Amino acid sequence: MKKAVVVLSGGLDSTTCMGIARDAGYELYPLTFHYGQRHDREVEQAKKIAAFYRVPHHRIVTLDFLKQIGGSALTDETIAVPVGGVNEAGENDIPSTYVPARNLIFLSLATAYAEVVGAEVVYIGVSAVDYSGYPDCRPEFIRAMNETIGLATKAGIAGAGIRIEAPLVHLSKKETIEWGLRLGVPYELSTSCYQGGEEACGECDSCRLRLKGFADAGAKDPIPYKKR
Ligand SMILES: [Zn+2]
């Protein structure tokens, strides 16, 4: 059976990628990063999502280094998570929830894992449509990363190669959710809130994008929100 590594955060997009990869006929090798994110509840949710898909292997990678260096509202408690508007920092600014080089690091490790298990593809749920403006979520980055992998790996030089698939990169949140619902993706197990509480805050960038996506798709978000 052909294999796919899926970068699984436990959020809405990566959970959708699990469904997409399964639908494409892959045996799933989800990889979850515990990097000291304030919303580390997502790691627990990722375990439940992996169990839902009955994967044989779910690896959780602990990356203390990203917490040690901080530099992001998601890894440094002294930096507040912006609330009150999508991309609070402004149209062209990168918000404080950006984690330095996160997807560059994650995709490098996911590629290494893919090489070892013999996976032909790495799925990542980045989107450059309804997003916070992170540079490592854009199609330019995915293209360049694919080129780099071809140059940097044994699989790229002497094997069948490994490619990064970002099936949501040009999709709105609405389109992502519609696709996921058709695939029976267990959104009730996913979590998106940057605050990491049992109930989502409904106010941070991530909550707002999620709520808008479900509203636009004409569906009800199955996770609990704080009463407002
Ligand atoms: Zn939130």
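Residues numbered from 1 in each chain as written. Predicted model: local features only at pLDDT ≥ 70, side-chain atom pairs only at ≥ 80, totals over all residues. Heavy atoms only, no water.

- By the naming in an unreviewed UniProt entry, the chain goes by 7-cyano-7-deazaguanine synthase and is assigned to Aneurinibacillus thermoaerophilus.
- UniProt annotates the chain under Function (unreviewed entry) with the comment "Catalyzes the ATP-dependent conversion of 7-carboxy-7-deazaguanine (CDG) to 7-cyano-7-deazaguanine (preQ(0))."
- Here the chain is described in UniProt, under the heading Pathway (unreviewed entry), as follows: "Purine metabolism; 7-cyano-7-deazaguanine biosynthesis." (UniProt positions renumbered as here; feature names shortened; annotations may be inferred.)

### So, the sheet that holds strand β1 (residues 3–7)
Item 1. What the five strands build is an open sheet, ordered β3-β2-β1-β4-β5; its pairing is parallel. Each edge of the sheet is formed by a strand with only one pairing partner; in this case those strands are β3 (59–62) and β5 (163–165). Averaged over all neighbouring strand pairs, the angle between strand axes comes to 25°, with direction disregarded.
Item 2. Across four bridges, the pairing between strand β2 (residues 27–34) and β3 is parallel. Looking at β3, one finds that Leu31 is bridged to Arg59.
Item 3. Running at roughly 160° to β1, helix α4 (residues 102–117) makes contact with β1, β2, β3, β4 (121–123) and β5 of the sheet. (Pairing = 2+ DSSP bridges. Helix = DSSP H or I, 4+ residues; strand = E, 2+ residues; numbered from the N terminus. Axes fitted to C-alpha atoms, helices over the stretch in contact; angles between N-to-C directions. Contact = heavy atoms within 4.5 Å.)

### What about the coordination of the zinc ion?
Item 1. Ligation of the zinc ion by protein atoms is provided by Cys193 (SG), Cys201 (SG), Cys204 (SG) and Cys207 (SG), these donors lying 2.3 to 2.4 Å from the ion.
Item 2. The site at the zinc ion holds four donor atoms, and with the angles between them running 102 to 119°, its shape is tetrahedral.
Item 3. Taken in sequence order, the residues that donate to the zinc ion follow the motif C-x7-C-x2-C-x2-C. You'll find Cys201 and Cys204 in the same group, each marked buried. (Donors = N, O, S within 2.8 Å, 3.2 Å for Na, K, Ca; no water. Tetrahedral: all angles 85-135°; square planar, octahedral: opposite > 155°, others 65-115°. Buried < 20%, exposed > 50% of the residue type's maximum accessible area, 1.4 Å probe, protein only.)

### Re the side chain of Lys173
Item 1. On the secondary structure map, Lys173 appears in helix α7 (residues 173–182).
Item 2. Sequence-distant contacts of Lys173, defined by excluding residues within four places in its chain, comprise Leu12, Asp13, Asp130, Leu209 and Gly213.

### Notes on the environment of Leu109
Item 1. Mapped onto the fold, Leu109 is located in helix α4.
Item 2. Excluding anything up to four places from it in sequence, Leu109 contacts Leu31, Phe33 and Leu63.

### Points about the pattern of salt bridges
Item 1. On inspection of all chains with the given rule, the structure shows 10 salt bridges.
Item 2. For the salt bridge of Glu165 with Arg163, the shortest nitrogen-to-oxygen distance reads 2.8 Å.
Item 3. Several salt bridges converge on common partners, so that one network encompasses Glu120, Arg163 and Glu165. (Salt bridge = Lys/Arg side-chain N within 4 Å of Asp/Glu carboxyl O.)

### Brief notes about helix α2 (residues 41–52)
Item 1. Across its 12 residues, α2 extends 17 Å between first and last C-alpha, which sits within 8% of the 16 Å expected from 1.5 Å per residue.
Item 2. Burial in α2 covers these residues: Glu42, Val43, Gln45, Ala46, Ile49 and Ala50. Down the axis of α2, the buried set is contained in an arc of 160°. They therefore lie on one face.
Item 3. The inward-facing, buried residues of α2 abut α1 (12–23), β2 and β3.
Item 4. One or two residues past the end of α2 sits Arg54, with phi positive at roughly 50°. (Expected span 1.5 Å × (residues − 1). Arc of directions from axis to C-beta.)

### Some remarks on the packing of aromatic side chains
Item 1. Counted according to the given criterion, the structure contains seven aromatic pairs.
Item 2. Ring centres of Tyr29 and Tyr113 lie 6.3 Å apart, and the angle between their planes is 70°; on these two criteria the pair is classed as edge-to-face. Of this pair, Tyr29 sits in strand β2 while Tyr113 is found in helix α4, placing the two residues 84 residues apart along the sequence.
Item 3. What makes Tyr29 buried here is its relative accessible area of 6%.
Item 4. Among the residues examined, Tyr113 registers a relative accessible area of 11% and is labelled buried. (Phe/Tyr/Trp six-rings, centres within 6.5 Å; stacked < 30°, edge-to-face > 60°.)

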